[in-house]
Amino acid sequence: MIYRVGKDALRLETPISNLSTYRWGSRTAVDYLCPVCGILPFRTPSEPTDVELATGVKKFGGWSVNVSCLDGLSVDDLPRKHIEGSKL
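Everything numeric in this text was worked out from a predicted model, so none of it was measured. (Residues numbered from 1 in each chain as written. Predicted model: local features only at pLDDT ≥ 70, side-chain atom pairs only at ≥ 80, totals over all residues. Heavy atoms only, no water.)

Novice: So what's going on with the environment of Gly61? Which residues, and what values?
Specialist: Its place among the elements puts Gly61 in the loop between α1 (50-54) and β5 (63-66). Using a relative accessible area of 46% as the deciding quantity, one classes Gly61 as partly exposed. On a C-alpha basis, the gap between Gly61 and Lys7 in space is 6.2 Å, while along the polypeptide they are 54 residues apart. (Helix = DSSP H or I, 4+ residues; strand = E, 2+ residues; numbered from the N terminus. Buried < 20%, exposed > 50% of the residue type's maximum accessible area, 1.4 Å probe, protein only.)

Below you can see the structure in the form of structure tokens.
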């Protein structure tokens, strides 16, 4: 499960320069990966397309966090938002 948090809400215990990065598609999103195990703990989301902007989607300047990487957090306690086309 991915959860979005504000830019200042993510505190890293490892320097971001120690992580690998990957950019795909529009190349505006950045996936940060552990260079040892390959897990994706967080990413910066992609920029909205012109079509999305025209429909009212706003740019998000924070982080998308893989909550499975967080200790002491119950996924069931987090609010959820249905995304069109998702299976959840």
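Structure's up, so let's keep going.
Novice: A description of the side chain of Arg43 should follow, citing residues and the corresponding values.
Specialist: Within the fold, Arg43 resides in strand β4 (residues 42-44). In this structure the side chain of Arg43 is engaged in a polar contact, spanning 2.5 Å, whose partner is the side chain of Asp31. With sequence-adjacent residues up to four places away left out, Arg43 is seen in contact with Trp24, Ala29, Val30, Asp31, Tyr32, Trp63 and Ser64. (Polar contact = N/O pair within 3.5 Å; in protein donor to acceptor, adjacent residues only side chain to side chain. Contact = heavy atoms within 4.5 Å.)

Novice: Explain the packing of aromatic side chains to me, and be specific about the residues and the numbers.
Specialist: This structure, assessed with the given rule, holds three aromatic pairs. Their ring planes at 25° and their centres at 5.1 Å tell us that Tyr32 and Phe42 sit as a pair that is stacked. You can see Tyr32 sitting in strand β3 (residues 30-33) and its partner Phe42 sitting in strand β4, a full 10 residues away along the chain. Comparing Tyr32 with Phe42 shows no difference in burial state: the two are buried. On the numbers, 5.2 Å between centres and 85° between planes, the contact of Phe42 with Trp63 is edge-to-face. With Phe42 in strand β4 and Trp63 in strand β5, the pair connects residues that are 21 residues apart, well separated along the chain. For Phe42, a relative accessible area of 5% corresponds to the buried category. The buried category is assigned to Trp63, whose relative accessible area is 10%. One aromatic cluster is present, built from ring pairs that chain together Tyr32, Phe42 and Trp63. Cation over ring: Lys7 sits above Trp63, and NZ or CZ is 4.5 Å from the ring centre. (Phe/Tyr/Trp six-rings, centres within 6.5 Å; stacked < 30°, edge-to-face > 60°. Lys NZ or Arg CZ within 6 Å of the ring centre and 35° of its normal.)

In short, geometric facts, not functional conclusions.
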